[in-house]
Amino acid sequence: MTLTAGAEYGHNDIRYRIFQQATPNGPVEADCDQTTGLCENARAGEDNAALYAQTTLTLGRSLVLTASARGDWVRIPFRNL
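Quick look at the structure, then.

The rules we used
- The residue numbers shown here count from 1 along each chain, following its written sequence.
- Predicted model: local features are reported for residues with pLDDT of at least 70 only, side-chain atom pairs are reported and counted for 80 or more only, and whole-chain, interface and lining totals are derived from all residues.
- Heavy atoms throughout the structure, all of them, feed into the side-chain values; hydrogens and water do not.
- A pair of strands is considered paired only if DSSP assigns at least 2 bridges between the two.
- Where helices and strands are cited, they refer to DSSP runs of H or I of at least four residues and of E of at least two residues respectively, numbered from the N terminus.
- Residue burial is assigned from relative accessible area. The probe radius is 1.4 Å, only protein chains are included, and a residue is buried under 20% of its type maximum, exposed over 50%, and partly exposed in between.
- We count Lys and Arg on the positive side and Asp and Glu on the negative side, and we leave His and both chain ends out.
- When a carboxyl oxygen of Asp or Glu is within 4 Å of a side-chain nitrogen of Lys or Arg, the pair counts as a salt bridge.
- Should any heavy atoms of two residues lie within 4.5 Å, those residues are counted as being in contact.
- Counted as a polar contact is a pair of N or O atoms within 3.5 Å, where, for protein atoms, one must be capable of donating a hydrogen and the other of accepting one, and residues adjacent in sequence contribute only when both atoms are in side chains.

Focus on the pairing of strand β2 (residues 38-58)
No. 1: Bridging between strand β1 (residues 2-19) and β2 involves 18 bridges; their strand directions are antiparallel. Following the sheet pairing, H11 is matched in β2 by D47.
No. 2: As judged from the 12 bridges shared by β2 and strand β3 (residues 64-75), these two strands associate in the antiparallel manner. What sits directly across from A49, in β3, is W73.
No. 3: Here β2 folds back onto β3, and the loop between the two strands holds 5 residues.

Examining the side chain of E46
No. 1: The topology assignment puts E46 in strand β2.
No. 2: The charged side chain of E46 is buried without a salt bridge, its nearest counter-charge being R75 at 11 Å.
No. 3: Setting aside its immediate chain neighbours within four residues, E46 contacts G10, H11, N12, I14, V74, R75 and I76.

Some words on the side chain of D47
No. 1: Along the chain, the position of D47 falls in strand β2.
No. 2: Here Y9 takes part through its side chain, which lies 2.5 Å from a polar atom of the side chain of D47.
No. 3: Within the structure, the side chain of D47 is placed 2.8 Å from the side chain of H11, a separation counted as a polar contact.
No. 4: Setting aside its immediate chain neighbours within four residues, D47 contacts Y9, G10, H11, W73, V74 and R75.

What about the pattern of salt bridges?
No. 1: A complete count under the given rule lists 5 salt bridges for this structure.
No. 2: Linking D13 and R15 is a salt bridge whose minimum nitrogen-to-oxygen distance equals 3.2 Å.
No. 3: The partly exposed category is assigned to D13, whose relative accessible area is 40%.
No. 4: In this structure, the salt-bridge partner of D47 is R75, at a minimum N-O distance of 3.1 Å. Pair noted here: D47 is in strand β2 and R75 is in strand β3, with a separation of 28 residues, a long-range link.
No. 5: On the accessibility criterion, D47 (10% relative accessible area) is buried.
No. 6: On the basis of relative accessibility, which here comes to 39%, the residue R75 falls in the partly exposed class.

Honestly, that's just the spatial picture; any functional story needs more than this.
Pasting the structure below:
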């Protein structure tokens, strides 16, 4: 029998800004900052964690049974700045 287990963690810091520029077809929308053209300013700090395990059991010369499990936890709080 073979047992494999592990854990992983990752973090992403996502930030984005959306600007609009006036064109001959139309001005900057009223919801946007008229000076800079900033329409959207948001941030999300994403956290991901996981635990996993796998076992392999040899039942005969040509038969192997493998079982595995994994659990994930994801957190994505969104902040509109």
